[in-house]
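# A structural walkthrough
Below are the chains, spelled out letter by letter.
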Amino acid sequence: MNVSAILKDKGRAVVTATSGATLMQVAQDLAKRKIGAIVVVGDDGTVAGILSERDIIRVLAQHGPAILEKQVGEIMTRNVVTCSLADTLNDLMQKMTAGRFRHLPVVENGGLVGLVSIGDIVKFHIAEVELEASAMRDYISH
Ligand code: AMP
């Protein structure tokens, strides 16, 4: 199973923000949509950064609630690890484990085309394991 197959099932929509949005606006968007991270895009649509709920919690704990008026661009992670449509579930798990994060924007020809979260990976991994187990049961019983 690769990223292309995952996106065929879950769709390509990605929740994004611009670097000028405030942390408060992003926090409200994350809460409303029940998601854990937002991809920050530049004017040309390319990935400029990523901001997750962990970043918001970290700066809140360090600076207090006034930090929520700051702009996303000041807090976001700029060095974003991305994946491609050809990456496999294993590639994604390795990237997330090595980088200790739970979100991977999907980039194709320089443009953002999707996002895979650790929740998607768990879901598709379980489906793959169940398929293998059922094929094995069929093989044994025939
Ligand atoms: P997460 O586990 O996704 O909530 O993110 C944990 C930390 O890693 C936060 O500081 C995020 O900004 C950062 N982060 C999340 N996803 C990525 C990514 N794909 N590449 C680089 N950093 C990331």
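Residues numbered from 1 in each chain as written. Predicted model: local features only at pLDDT ≥ 70, side-chain atom pairs only at ≥ 80, totals over all residues. Heavy atoms only, no water.

### Notes on the pattern of salt bridges
Side-chain pairs of opposite charge can arise whenever the charged atoms involved come near each other. Rules: A carboxyl oxygen of Asp or Glu within 4 Å of a side-chain nitrogen of Lys or Arg is what we treat as a salt bridge. Put simply, DSSP H or I for four residues or longer makes a helix, DSSP E for two residues or longer makes a strand, and each gets a number counted from the N terminus. Using a 1.4 Å probe on the protein chains alone, a residue whose accessible area is under 20% of its type maximum counts as buried, one over 50% counts as exposed, and one in between counts as partly exposed.
Summed over all chains, the structure comprises eight salt bridges. Between Lys32 and Asp29 there is a salt bridge, with the nearest N and O atoms lying 4.0 Å from each other. Of this pair, Lys32 and Asp29 both sit in helix H2 (residues 23-33), separated by three residues, roughly a single helical turn. Accessibility expressed as a relative area gives 17% for Asp29, which makes it buried.

### As for the site of the ligand
So the rule is basically this: It suffices for a single heavy atom of a residue to lie within 4 Å of a molecule or strand for the residue to be listed as near it. Polar contacts here mean pairs of N or O atoms no more than 3.5 Å apart (in protein, one a potential hydrogen donor and the other a potential acceptor; neighbouring residues in sequence count only if both atoms are side-chain atoms). Put simply, Ala, Val, Leu, Ile, Met, Phe, Trp, Tyr, Cys and Pro go in the nonpolar bin, Asp, Glu, Lys and Arg in the charged bin, and everything else, Gly too, in the polar bin.
Around the ligand, a shell composed of Ile50, Ser52, Arg54, Asp55, Thr77, Asn79, Val80, Val81, Phe101, Arg102, His103 and Pro105 is seen. Side-chain polar atom of Asp55 to an oxygen atom of the ligand: 2.5 Å apart, as the coordinates give it. Considered class by class, the residues forming the shell around the ligand number five nonpolar, four polar and three charged.

### A closer look at the pairing of strand E5 (residues 111-117)
Convention followed: Any two strands with at least two DSSP bridges between them are considered paired.
Extensive coverage of E5 is indicated by the burial of five of its seven residues. Where strand E4 (residues 103-108) and E5 come together, six bridges link them in antiparallel fashion. Note that in E5 the partner of Val107 across the bridge is Leu112. Where E4 hands over to E5, the hairpin turn is made up of two residues, of which Asn109 adopts a positive phi near 50°.

### A word on helix H5 (residues 89-99)
Going by this rule: Working definition: the arc comes from the directions between the helix axis and the C-beta atoms, pointing outward to the latter. Should any heavy atoms of two residues lie within 4.5 Å, those residues are counted as being in contact.
Leu89, Leu92 and Met96 are the residues of H5 that are buried. Viewed end-on, H5 has its buried residues packed into an arc of 65°, placing them on one side of the element. Exposed side chains of H5 directed beyond 90 degrees from the buried face belong to Gln94, Thr97 and Ala98. Against helix H1 (3-10), E4, E5 and helix H6 (118-141) lie the buried residues of H5. Residue Arg100 follows H5 closely and has a positive phi angle near 55°.

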